[in-house]
Amino acid sequence: MFIDNTVSMSKWMFAEILTLVLGIAFVVYSSFNPGQFALIAGIVCFVAFVFLLYICPSYFYFNDEIAGKDMIEIRSTQAFPFFRKYRQHGILKKTVKSYSITKSFFGLQKFLSITIKGVDPSTKKTVEKTIEKLNVSILKQQKIQELEKTLQKYIRH
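Visitor: Any details on the pairing of strand E2 (residues 58–63)? Residues and values, ideally.
Guide: Most of E2 is tucked away, with 6 of its 6 residues classed as buried. Burial along E2 is two-sided: Ser58, Phe60 and Phe62 facing one way and Tyr59, Tyr61 and Asn63 facing the other are all buried. Where E2 meets strand E3 (residues 71–78), 6 bridges bridge the pair, whose relative direction is antiparallel. From the neighbouring strand, Tyr59 faces E3, where its bridge partner is Thr77.

Visitor: Explain the side chain of Gln109 residue by residue, including any values.
Guide: Note on placement: Gln109 falls in strand E6 (residues 109–119). A polar side-chain atom of Gln109 sits 2.4 Å from the main-chain carbonyl oxygen of Tyr54. A distance of 2.9 Å separates the side chain of Gln109 from the side chain of Ser104, its partner in a polar contact. Every residue in contact with Gln109, bar those within four places of it in the chain, is listed here: Tyr54, Ile55, Thr102, Lys103, Ser104 and Ser137.

Visitor: Pulling in residues and values, what's your account of the packing of aromatic side chains?
Guide: Aromatic ring pairs are described here by two measures, namely the spacing of the ring centres and the angle between the planes. Summed over the entire model, instances satisfying the criterion amount to 4 aromatic pairs. The interplanar angle of 85 degrees and the centroid separation of 5.4 Å between the aromatic rings of Phe2 and Tyr61 together place this pair among those described as edge-to-face. One end of the pair, Phe2, is in strand E1 (residues 2–4); the other, Tyr61, is in strand E2, and 59 residues separate them in sequence. With a relative accessible area of 42%, Phe2 lands in the partly exposed category. Between Phe105 and Phe106, the aromatic rings sit 5.8 Å apart at their centres with planes inclined by 50 degrees, giving tilted as the arrangement. With a relative accessible area of 81%, Phe106 lands in the exposed category. Pairwise contacts between aromatic rings join Phe51, Tyr54, Phe105 and Phe106 into one cluster. Positioned above the aromatic ring of Tyr61 is the side chain of Arg75, whose terminal nitrogen or guanidinium carbon lies 4.1 Å from the ring centre. The residue whose ring lies beneath Lys133 is Phe111, and the NZ or CZ to ring-centre distance is 5.4 Å.

Basis of the calculations
Residues numbered from 1 in each chain as written. Predicted model: local features only at pLDDT ≥ 70, side-chain atom pairs only at ≥ 80, totals over all residues. Heavy atoms only, no water. Buried < 20%, exposed > 50% of the residue type's maximum accessible area, 1.4 Å probe, protein only. Helix = DSSP H or I, 4+ residues; strand = E, 2+ residues; numbered from the N terminus. Pairing = 2+ DSSP bridges. Polar contact = N/O pair within 3.5 Å; in protein donor to acceptor, adjacent residues only side chain to side chain. Contact = heavy atoms within 4.5 Å. Phe/Tyr/Trp six-rings, centres within 6.5 Å; stacked < 30°, edge-to-face > 60°. Lys NZ or Arg CZ within 6 Å of the ring centre and 35° of its normal.

Here is the structure:
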C-alpha cells in the first residue's frame, strides 16, 4: 500500500498562511478605517489560524511496496512552515508487534503509534520500541482504514 498526502498537506499549509496573512491585513485595515467588519474578520482569521495550528496537519508517507525489500518506509513532517520536525522510519515488516491510532481534540487530531519488537545487536536481548505520534489527521477515513488493514496483516501474534 502506498500513501502520500502531499496535495492535501499543501492545501492545509496554504490555508494556514492565508488565514494568517488575511488576519493581519484585516486588522491593519481596521486600524485605518473605523468599522467593525474588518476587525471581526481579522479576529475570525486569527482564530482559524490558531485552530489550524492546533490540529497540526502533517505530511505523511507510507510505503510497504518497496521492490525487493521486506521494509515499511514511513515519513512524517509537520505542515507548519517553521520547526517542521522531519521524521523518517524504516521498519522491517516482521518486527511490527502492534499499532494504535489515538484521537484527541474531538477526533480532529489522529496519531499513529507503532510498536516494533526486535533484538538489540549489542546485548542480544529482545527489545521493544514504540514510534509515537505520527500525525495522520488529514488523511481521509478510507486511507486510515486501509492503513489499519495493512498494518494488521504484519502483526505477529
